Amino acid sequence: SSHGTRLARVLSTVDLVSLGVGSCVGTGMYVVSGLVAKEMAGPGVIVSFIIAAVASILSGVCYAEFGVRVPKTTGSAYTYSYVTVGECVAFFIGWNLILEYLIGTAAGASALSSMADSLANHSISNFMISHIGTLRGLGKGEQSYPDLLALLIALLVTVIVALGVKNSVGFNNVLNVINLMVWVFMMIAGLFFVNGENWDDGRFLPFGWSGVMQGAATCFYAFIGFDIIATTGEEAKSPNTSIPYAITASLITCLTAYVSVSVILTLMVPYNEIDADAPLMEMFAVHGCMFAKYIVAVGSIAGLTVSLLGSLFPLPRVIYAMAGDGLLFKFLANVSSYTETPAVACVVSGFLAALLSLLVSLRDLIEMMSIGTLLAYTLVSLCVLLLRYQPEGDIHGFVNFLSEEQNNKRKEGVLAECEKDACSPTSEADEIRLGLPGKMDRPTPATGKTVTVCVLLLFISIFAFCSFIIFGASSIGEGRWWALLLLIFFIIFLALLVIIILQQPENPKRLPYMAPCVPFVPASAMLVNIYLMLKLSAITWIRFSIWCFLGVLIYFGYGMWHS
């Protein structure tokens, strides 16, 4: 099932950071900040962004370890899970990632078209509505017009991506510089129009903490870009060092950009008057500062184009990896000899994204996107947790099965064991710690199994715990005895599971990058992600389950038999 590294290795660490930041900062800064501030959290959007950033840093750390564990990653989370937990889970992670990137591309395209509309003082949308009419879109019942401009934009970007890797990256760096300059300009110009009264007496959290959390679930969308870094691992010059650095650097950059922009936005305009389609452009227009509006327009066109590229860049590669393993239709795995990119997959994915952007309104796209990603990241953290405690032979087998035939597996597992025993110093073996495994303990199949059971239990009980906290909030607030008992029971149960996992010996193998504080970091990543997922609206869950159902059909109808 291995298809060798056929894609060119051309990207440096700076290129990776630029890709990550670009694919985050575009839609996140120009769309999400205004949307969440207006509809969910008010000025509390700042807190939402910070919470979402913590969630994505936790997931990002796990993601980075995953990226180093499996060096041949064309399809990011998909490949990792294929190697480690098996085909079925892998198919689902891949399927969610496809959804995420599709929607990312569509959202970028429709955001760009509403920018253009705002620049033309809404003449485009008025023309479309009067000449073509409206769709009862897949929206929340509001009338939306078929967005032909978005369709064109998506198709154009598809062509750029299909033409090859390196030229996209150079283009990306230029756009990022423009975006950065506009951000600095907004910070300075915005300070002249700031009005502190917009945050006074209860206006900071108009929707309370529940709104902030719901906002955080939607803001998560704004940090999605960092997994492009792990996805393009195969095209990096030295993946082991540059992947973790790039992930951390781009997350911190993004957070700074978002928080500063939201502060300025909510101080300049009262939250209920924010324009939902093009918030940052309209915020200067409100104060009659038109030249600033046009400068911001330039930045937003640059930023949104980058995030469009950021979603369309990994999409064909995930499809290519899945098709190569036979889980999706084989013809999608063709690599064109001229551009060295998976051309068929590019065209198919670009076309689908263009269709989505034509029909679905921006807000719904963003919510849909967050749910798929949150699920994929939860599964990634789960895998990191599992792998850390599995015996060496197993993991070795997992990793080699990508490249070698089955029979070398055992030999190498055994060899690795011998080398480990020979290298490791035995002086520390006498240490006794509080029920924790000694330095020399090796995981055995039995301890590996214990951890597997615990992790699955952990996943299920976190799900139950979060639903209880969210849907039973009123009972807990009133201090009903049964609610408090349940709460205490859940907390003790979760703590117990983590303690049991702690007592099992870890795998001694050192990786170039390892997630710190296992099992706490992956467990808390799972907790936060699941909590945020359950805060999203019901209609989002319904759409998501339809998408998953389609996935099940393809997997059981085609993928199982052809892999």
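Residues numbered from 1 in each chain as written. Predicted model: local features only at pLDDT ≥ 70, side-chain atom pairs only at ≥ 80, totals over all residues. Heavy atoms only, no water.

The protein chain is annotated in an unreviewed UniProt entry as Solute carrier family 7 member 14a from Gasterosteus aculeatus. One UniProt comment on the protein chain, placed under Subcellular location (unreviewed entry), says "Membrane". (UniProt positions renumbered as here; feature names shortened; annotations may be inferred.)

J.: Explanation requested: the pattern of salt bridges in the structure shown.
T.: A side chain with one charge can pair with a side chain of the opposite charge if their charged atoms come near. In total, this model carries 3 salt bridges according to the counting rule given. Taking the shortest distance from any N to any O, the salt bridge between Lys293 and Glu282 comes out at 3.9 Å. Note that Lys293 is positioned in helix α12 (residues 290–312) and Glu282 in helix α11 (residues 279–286), a separation of 11 residues in sequence. Under the relative-accessibility criterion, Lys293 is labelled buried at 2%. The salt bridge involving Arg480 is made with Glu478; its shortest N-O contact spans 2.9 Å. Given a relative accessible area of 40%, Arg480 falls into the partly exposed group. With a relative accessible area of 54%, Glu478 lands in the exposed category. (Salt bridge = Lys/Arg side-chain N within 4 Å of Asp/Glu carboxyl O. Helix = DSSP H or I, 4+ residues; strand = E, 2+ residues; numbered from the N terminus. Buried < 20%, exposed > 50% of the residue type's maximum accessible area, 1.4 Å probe, protein only.)

J.: Help me understand helix α14 (residues 343–359), please; the structure alone is not making it clear to me.
T.: Each turn of an α-helix holds 3.6 residues, which means side chains three or four residues apart point in the same direction. Helix length check: α14, at 17 residues, gives a terminal C-alpha distance of 25 Å against a target of 24 Å (1.5 Å per residue), a fit within 8%. Restricting attention to buried positions, one finds in α14 the residues Ala345, Cys346, Ser349, Gly350, Ala353, Ala354, Ser357 and Leu358. In this structure, the buried side of α14 is in contact with α4 (87–119), α6 (148–162), α12 and α13 (314–324). (Expected span 1.5 Å × (residues − 1). Contact = heavy atoms within 4.5 Å.)

J.: Is there a simple way to explain the packing of aromatic side chains in this structure?
T.: Scanning the model with the defined rule gives 20 aromatic pairs in all. Summarising the aromatic geometry, the rings of Phe489 and Phe493 are spaced 5.9 Å apart at their centres and angled 10° between planes, so their arrangement reads as stacked. Taken together, the residues span about one helical turn, with Phe489 and Phe493 both in helix α20 (residues 481–503) at a distance of 4 residues. Given the relative accessible area of 27%, Phe493 is considered partly exposed. Here the aromatic residues Phe91, Phe92, Trp95, Trp547, Tyr555 and Phe556 are joined through ring pairs into a cluster of three or more. (Phe/Tyr/Trp six-rings, centres within 6.5 Å; stacked < 30°, edge-to-face > 60°.)

J.: Explain the environment of Ala343 here, please?
T.: Within the element layout of this structure, Ala343 appears in helix α14. A relative accessible area of 22% means that Ala343 is categorised as partly exposed. The sequence separation of Ala343 and Thr158 amounts to 185 residues, and the corresponding C-alpha distance is 10.0 Å.

J.: Looking at this structure, I do not really get helix α8 (residues 208–219). What am I missing?
T.: With 12 residues, α8 ought to run about 16 Å at 1.5 Å a step, and its terminal C-alpha atoms sit 16 Å apart, in line with that. Of the residues making up α8, those classed as buried are Gly211, Val212, Gly215, Ala216, Ala217, Thr218 and Cys219.

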